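A structural walkthrough
Read off the chains here:
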Amino acid sequence: MTGLRDAGATELDVAARVVELVHQLAGPAAEAEAIVVRHDLALTRFANSFIHQNVAGSQVTVRLRVHVDGRTATGGGSLVDPDGLRALVGRTLAAARLCPPDPAWPGLTPPSAVHSNGLLDEATAYAEPADRADRVRAFVDAVGGLEAAGYCRTSYRSGAFANSAGQSAQGRTTEAAMDGIARTGGADGVARLCAGRLDEVDGTLLGVRAAAKARAAADPVELPPGRYEVVLEPAAVADLLQNLAWSGFNGKRYVERQSFARPGTAQFDPAVTLVDDPTGTLPFDLEGTPRRALTLVEAGTTRAVAHDRRSAAAAGTTSTGHGTPDGSTFGPVPSNLRLLGAPEGGPTGGAVDPATDGDPTGGPVPGAVVDADTAALVAPMTRGLLVSDFWYTRVLDPLSLVITGLTRNGVWLVEDGVPVRAVRNFRFTESYPRALGPGTVLGLGRRPVRQPDRTDGDWWEGPPLRLASWNFTGGASG
Amino acid sequence: MTEFDAAAAAVQAALDAGARYADARVMHLRYESMSARNGDIEELTQDESLGLGVRALVGSGWGFHAVPELSDAAAREAGRRAAQVAAASARVPGPPITLTPAEPVVASWASDCAVDPLGVALSDKGDLLVRATEAARGQGADLAQGLYQVWDTRKWFVSSEGHRIDQHIRECGGGISATSIGEHETQRRSWPSYRGQYGTTGWELVESLDLTGHAAQIADESRALLTAPQCPAGETDLILGDEQLALQIHESVGHAIELDRILGWEAAFAGTSWLDLAQLGSLRYGSELMNVTIDPTIPGALGSFGFDDEGSPAVRRDAVREGRWVGVLAGRDSAAVAGLDHGGSVRADGWARLPMVRMTNVGLEPGPHTLDEIIAATDDGVLMDVNRSWSIDDRRLNFQFGCEIAWEVRNGRRGRMLRNPTYTGIGPLFWRSMDMLSSEIVPWGTPNCGKGQPGQIGHTGHPAAPARFRGVRVGVRA
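Going by an unreviewed UniProt entry, chain B carries the name TldD/PmbA family protein and comes from Micromonospora antibiotica.

An unreviewed UniProt entry lists chain A under the name TldD/PmbA family protein, with Micromonospora antibiotica given as the organism.

Here you go:
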């Protein structure tokens, strides 16, 4: 029972060996694809202002898909020694022979060039526990005596792909992220950032922001539910993007007629342009298809949905490089989605540091607004809500993409361009495409802020966003 | 080198590197799933993974490290690295950590399993899904889907206190769904629930579900729902079926009584709890009909085991007795912080993840009524069943659930079918309004409980029966 290191093999060596084994055992007509990924993940977690969970580890995953005599099966494993690989190939071939025919088999990815997406940072790949702990220390120190909780994460992936059609590819990538809250008297403020390099993650800056927001969120009042104009901060915008990606721009859902997406139709406000950008991720998907930037919405008009080879074949198009391990069940999903910021001449410029610039709105709730982008969107509001974050959003109906969820980590009532008081959390029930539909976007920040996903390697990036209406259906009291 | 040898080497290496306590788990995980759509097999996946995770306590800092191999060198390196990670935690130190006392256990345990799920021919399992989805499709469903999943887990646990435990846990389950797609919305019906029923048992569970026998009914209901009247909005008496009540328990009781949440250890992500330890033993959680147990000893239920992942034996305990909150889900460290004398609810979803507080089987004891009696006693209400969406706030208070189907209840009789049923409320107010509870308990299994950073998927069980709640807000929509 040995790992890659002991086997003296690269990921590409192992992937090629698996494909070769399939041909040895099932003959040259068997179609096979293999992907091998080494994943080093470390996460330092803190709560009550101390590190309470601190983990690191390495995993190697081999995934094999075979198509033999019209039948398909998938196998996976962590054993990369010769016996382990032979066992994986053997049981996957045996499974394929026992499976019903697969008439929708889309075939293998043909040979095609795969270009590196860059963004490998050795310092992040080999970050030590102390490197993460130091950032936690900085965050905790920066919240100025408030309670702090969150994590600092580093990850490294090295992956390779090979198939029996002659396609092969390899790549490496790193990511770092920090997500923290500051807490005071039941009020929380949040700051998150995802980057390709750990040295871009500034625990002090994030801690200062979270603390400013937490202090501004203290002593909230309860407002009646109803429709309010809103400014959504990047954390809340990330939730919009994730739900649009999972249920809307998902090629399987689209083929099944369970997606709102209608390519060629102006379904969004002209201010909305959405691009799935794989820069910084492995440059190929699970099927070996090269990953490239994909424009899903251009100036309000839906242009595309994400496809793997199976959903693409069903839709009569080509894969966009979004094959994922659970793609057959959950569908191909864009997982590096960016809402482009307003162009030059738009509403606002760069960010400010609340530690030095204070509250850009100068209102009676200092710290509610911590960057100039958001300040520019809040300033023209007559009456509305500033919302930091959404939580526990779930789909009520996939076709209309009606979603319920709650606000979290700070809500403020804005009157005449000024945050006048903190507000208790709301529950909302809203159709996301309708909320972003033509004529609904009243303002868009210039600077997208990358928010980490729960899964490293995925991220959601958008600037703050001002919307004409959001349907709050319940208050904190029910 | 045996699995026990590898775990012992890792523990010893952690102690040699300065740990004052260490434990290690070797886990061999086998997973199989198959999904079908409209009479065709969509995907067959078989995964196998083997590795070791070691946890070390240095001073008052925890560290964890995992490796995908079991060589002596790899195990020792994992132990050393776990201690190094733990030492880094001291850069942001917390209060002293103690563990509740535990007798060292040397034991072996296996779950009951009449028919080994991995021993059933793939062709038989595939035929079942094909037949069931063909039947639903033939009855008019636009989309008929079927799924089964099997987990076969062997684990070997060693601690520096002398524990030496091996377990073999087999879990499986499955289900089908039928979706009808209208112009503006979709309607789904599932049997026995979406993605199915699961247990710590053998294939006999799946056979008992009679998936094919229920396919026509759910297809008919999904089509009928497209034209059924909307669930009315307002306050009414709400009768929940046992499947929906199981998820209600999971979200608004199970998570709320997790001690790590109560202590703030999950504040930045999963959230905290509305429960205050000072009120343990005195707080009124629900009506006197509400008796909830934490019971990992229930044969066949999905949250059952012989020992948790700290080596604590499975023991049945009360969580709520006659409506009063009396117990929590805890680990040895969190229990010590809270001044309690037992853990017993700590698990990891694999060798690469840190064990943490998780639900076991958290469910209701039987009530004195039947569903028919509850309906007969209701003059004006709504009966809802089978979960479609779920959302709850980060303190586990404010929830909103959607169900697949509902019926009017008028003058003691079940009436018209209603579509898009939702209900919302505040946990303790809701549970205090429960005035009728059936004796018809079903131990529902939830195989997809997400928690932790990095994320883990837990398997939990929830005995539940139909019940009535008074004055509940229903019919929330966008």
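**Some words on the overall build of chain B**
Across its full length, chain B carries 10 helices and 23 strands. When its C-alpha atoms are laid out on the principal axes, chain B stretches across 70 × 55 × 35 Å. Per-residue burial over chain B gives 64% buried out of 478 residues. The long-range share in chain B, meaning contacts at least 24 apart out of those at least 6 apart in sequence, stands at 76%.

**A look at the overall build of chain A**
Counting its regular elements, chain A contains 13 helices and 19 strands. Taken over C-alpha atoms, the radius of gyration comes to 24 Å for chain A, in line with the 23 Å a tight globule of 478 residues would show. Along the longest, intermediate and shortest principal axes, the C-alpha atoms of chain A span 75 × 50 × 40 Å. Counted over contacts in chain A with a minimum sequence separation of 6, partners at least 24 positions apart contribute 73%.

**Here's the deal with the interface of chain B and chain A**
Listed by partner, the interface residues are 71 residues for chain B and 82 residues for chain A. Elements represented by at least two residues in the side of chain B that touches chain A include exactly strand 2 (40-58), strand 3 (61-67), helix 2 (72-89), helix 3 (122-138), strand 16 (380-392), strand 17 (398-410) and strand 19 (422-426) of chain B. With 13 residues, the single largest contributor to the side of chain B that touches chain A is strand 2 of chain B. Where strand 2 (residues 50-68) of chain A lies against strand 3 of chain B, three bridges are found, and the strand directions are parallel. Its bridge partner being in strand 3 of chain B, G57 of chain A is matched across the sheet by A66 of chain B.

**A closer look at the sheet that holds strand 11 (residues 317-321) of chain B**
Residues and elements named next belong to chain B. Taken together, four strands build an open sheet; the order of strands is 12-11-10-15 and the sheet is antiparallel. The two strands at the open ends of the sheet, each matched to only one other strand, are strand 12 (324-325) and strand 15 (362-364). As paired strands, strand 10 (residues 292-294) and strand 15 are joined by three bridges and run antiparallel to one another. Within the sheet, the bridge partner assigned to I294 lies in strand 15 and is V362. Running at roughly 115° to strand 15, helix 6 (residues 242-254) makes contact with strand 10, strand 11 and strand 15 of the sheet.

**Some thoughts on the domain arrangement of chain B**
Where interface size is quoted, it is often the accessible area lost as the parts come together. Residue and element names in this part refer to chain B. According to the domain assignment, chain B consists of domain 1 (3-227) and domain 2 (234-474). Just the C-alpha atoms count here: the centres of domain 1 and domain 2 sit 21 Å apart. Taken together, the contact pairs 46 residues of domain 1 with 40 residues of domain 2. Residues belonging to the side of domain 1 that touches domain 2 are distributed by class as follows: 20 nonpolar, 18 polar and eight charged.

**Description of the domain arrangement of chain A**
Residues and elements named next belong to chain A. The domain boundaries assigned to chain A delineate domain 1 (4-208) and domain 2 (219-474). When each unit is reduced to the centre of its C-alpha atoms, the spacing between domain 1 and domain 2 is 25 Å. Counting from both sides, the interface comprises 40 residues of domain 1 and, opposite them, 33 residues of domain 2. Contributing elements (two or more residues each) for the side of domain 1 that touches domain 2: strand 1 (31-47), strand 4 (147-163), strand 5 (168-184), strand 6 (187-195) and helix 6 (203-216). A per-element tally of the side of domain 1 that touches domain 2 places strand 6 first, with eight residues. Class assignment of the residues belonging to the side of domain 1 that touches domain 2 gives a composition of 18 nonpolar, 14 polar and eight charged.

**Describing the packing of helix 3 of chain B against helix 5 (residues 215-227) of chain B**
Residues and elements named next belong to chain B. Between helix 3 and helix 5, whose axes approach to 8 Å, the crossing angle comes to 35°. Taken as a pair, helix 3 and helix 5 cross one another with a handedness that is right-handed. The residues of helix 5 that touch helix 3, namely those facing A132, A135 and A136, are A215, A216, I218 and A219. Grouping the amino acids of the contact of helix 3 with helix 5 by side-chain chemistry returns seven nonpolar, no polar and no charged.

**Some points on the environment of T184 of chain A**
All names here are of chain A. Relative to the assigned elements, T184 resides in strand 5. As for T184 and A32, which are separated by 152 residues in sequence, their C-alpha atoms are 56 Å apart. For T184, the residues in contact, after removing those within four places along its chain, are L146, A214, R215 and A218.

**With respect to the UniProt feature "domain: Metalloprotease TldD/E central" (unreviewed entry) in chain B**
What UniProt calls "domain: Metalloprotease TldD/E central" (unreviewed entry) maps, in this numbering, to residues 117-221 of chain B. In this annotation, residues 117-221 of chain B is assigned 28% helix and 42% strand; the end-to-end C-alpha distance for the span is 31 Å.

**Regarding the UniProt feature "domain: Metalloprotease TldD/E C-terminal" (unreviewed entry) in chain B**
In the numbering used here, UniProt assigns the "domain: Metalloprotease TldD/E C-terminal" (unreviewed entry) feature to residues 234-448 of chain B. Span residues 234-448 of chain B is 17% helix and 33% strand, its end C-alpha atoms 32 Å apart.

**Observations regarding the sheet that holds strand 8 (residues 274-276) of chain A**
Residues and elements named next belong to chain A. Within the open sheet, the six strands sit side by side as 10-9-8-11-18-17. Their pairing is mixed. Of all the strands in the sheet, just strand 10 (301-302) and strand 17 (449-452) have a single pairing partner and so form its edges. Of the strands in this sheet, strand 11 (336-339), strand 17 and strand 18 (459-462) are in contact with helix 7 (residues 234-248), which crosses strand 18 at around 120°.

**A word on the packing of helix 5 (residues 129-142) of chain A against helix 2 of chain B**
The contact between helix 5 of chain A and helix 2 of chain B brings their axes to 9 Å, and the two run at 20°. With respect to their mutual orientation, helix 5 of chain A and helix 2 of chain B come out roughly parallel. Handedness of the crossing formed by helix 5 of chain A with helix 2 of chain B: right-handed. In contact with P129, A130 and A133 of chain A of helix 5 of chain A, helix 2 of chain B contributes Q84, V85, A88 and S89 of chain B.

**Some words on the nonpolar core**
Counting 296 residues, the largest nonpolar core has V18 of chain A together with A7, A10, A14 and L52 of chain B as its most contacted members. If near-sequence neighbours (up to four positions away) are discounted, A10 of chain B is found in contact with A24, L52, V54, A75, R76, A78 and G79 of chain B.

**Overview of helix 6 of chain A**
Along an α-helix, a turn takes 3.6 residues, which lines up residues three or four apart on a common side. Between the first and last C-alpha of helix 6 of chain A there are 20 Å, a value that for 14 residues agrees with the 20 Å anticipated at 1.5 Å per step. In terms of burial, helix 6 of chain A is a largely internal element, 12 of the 14 residues being buried.

**Overview of unusual backbone geometry**
Residues and elements named next belong to chain B. For the bond running from W191 to P192, omega is -10°, close enough to zero to count as cis. Checked against the element boundaries, P192 lands in the loop between strand 7 (186-191) and strand 8 (197-199). Note that the residue after Q453, namely P454, is joined by a cis bond; omega there is 0°. Structurally, P454 is set in the loop between strand 21 (442-451) and strand 22 (456-464). Non-glycine residue V386 carries a positive phi angle of around 65°. Relative to the assigned elements, V386 resides in strand 16.

**Quick notes on the environment of R17 of chain A**
Residue and element names in this part refer to chain A. Position of R17 among the secondary structure elements: in helix 2 (residues 11-26). R17 gets classed as buried once you count the C-beta atoms within 10 Å, which come to 21. The sequence separation of R17 and P366 amounts to 349 residues, and the corresponding C-alpha distance is 61 Å.

**Quick look at the pairing of strand 1 (residues 21-37) of chain B**
Residue and element names in this part refer to chain B. Of all the 17 residues making up strand 1, 13 are buried; the element is thus mostly covered by neighbouring parts of the structure. Two elements, strand 1 and strand 2, share 17 bridges in a ladder whose sense is antiparallel. Note that in strand 2 the partner of Y31 across the bridge is D47. Between strand 1 and the antiparallel strand that follows it, strand 2, lie two residues; N38 among them carries a positive phi value of about 50°. As defined by bridge partners, strand 1 adjoins strand 5 (residues 143-159) across 15 bridges and the pair is classed as antiparallel. Within the sheet, the bridge partner assigned to H28 lies in strand 5 and is R154.

**Considerations on the environment of N336 of chain A**
Here N336 of chain A is to be found in strand 11. What N336 of chain A contacts, discounting residues up to four positions off in sequence, is D276, D277, P278, T281, D458 and W459 of chain A.

Thresholds, definitions, all that
Residue numbers run consecutively from 1 along every chain, following the written order of its sequence. Written order determines the labels here, with chains lettered from A and ligands numbered from 1. Given that this is a predicted model, residues contribute local features only at a pLDDT of at least 70 and side-chain atom pairs are listed and counted only at 80 or more, while totals for whole chains, interfaces and linings are drawn from all residues. The helix count covers DSSP runs of H or I at least four residues long, the strand count covers runs of E at least two residues long, and both are numbered beginning at the N terminus. Around each residue's C-beta, the other C-beta atoms within 10 Å are counted; 20 or more make the residue buried, 12 or fewer make it exposed, and counts in between make it partly exposed. All C-beta atoms are placed from the backbone. Throughout, a residue-residue contact means that the two C-beta atoms, derived from backbone geometry, are no farther apart than 7 Å. Here the globule rule is a power law, 2.2 Å times the number of residues to the power 0.38, and the radius of gyration is based on C-alpha atoms. Strands qualify as paired when DSSP identifies two bridges or more between them. Inter-axis angles, ranging from 0 to 180 degrees, are taken between N-to-C directions of lines fitted to C-alpha atoms, where helices are fitted over the stretch in contact. Start and end positions for the domains come from either an automated domain assignment or a database one. Charged residues are taken to be Asp, Glu, Lys and Arg, nonpolar residues to be Ala, Val, Leu, Ile, Met, Phe, Trp, Tyr, Cys and Pro, and polar residues to be all remaining types, Gly included. For any helix crossing, the convention is left-handed if the near helix is rotated counterclockwise from the far helix by under a right angle, and right-handed if that rotation is clockwise. UniProt positions are given in the numbering used here, feature names are shortened, and annotations may be inferred rather than shown by experiment. Angles below 35 degrees are treated as roughly parallel, those above 145 as roughly antiparallel, those between 65 and 115 as roughly perpendicular, and all remaining angles as oblique. What we call a nonpolar core is a set of buried Ala, Val, Leu, Ile, Met, Phe, Trp, Tyr and Cys residues whose membership is set by joining through C-beta atoms within 7 Å. Here, expected helix span is obtained from the residue count minus one, scaled by 1.5 Å.

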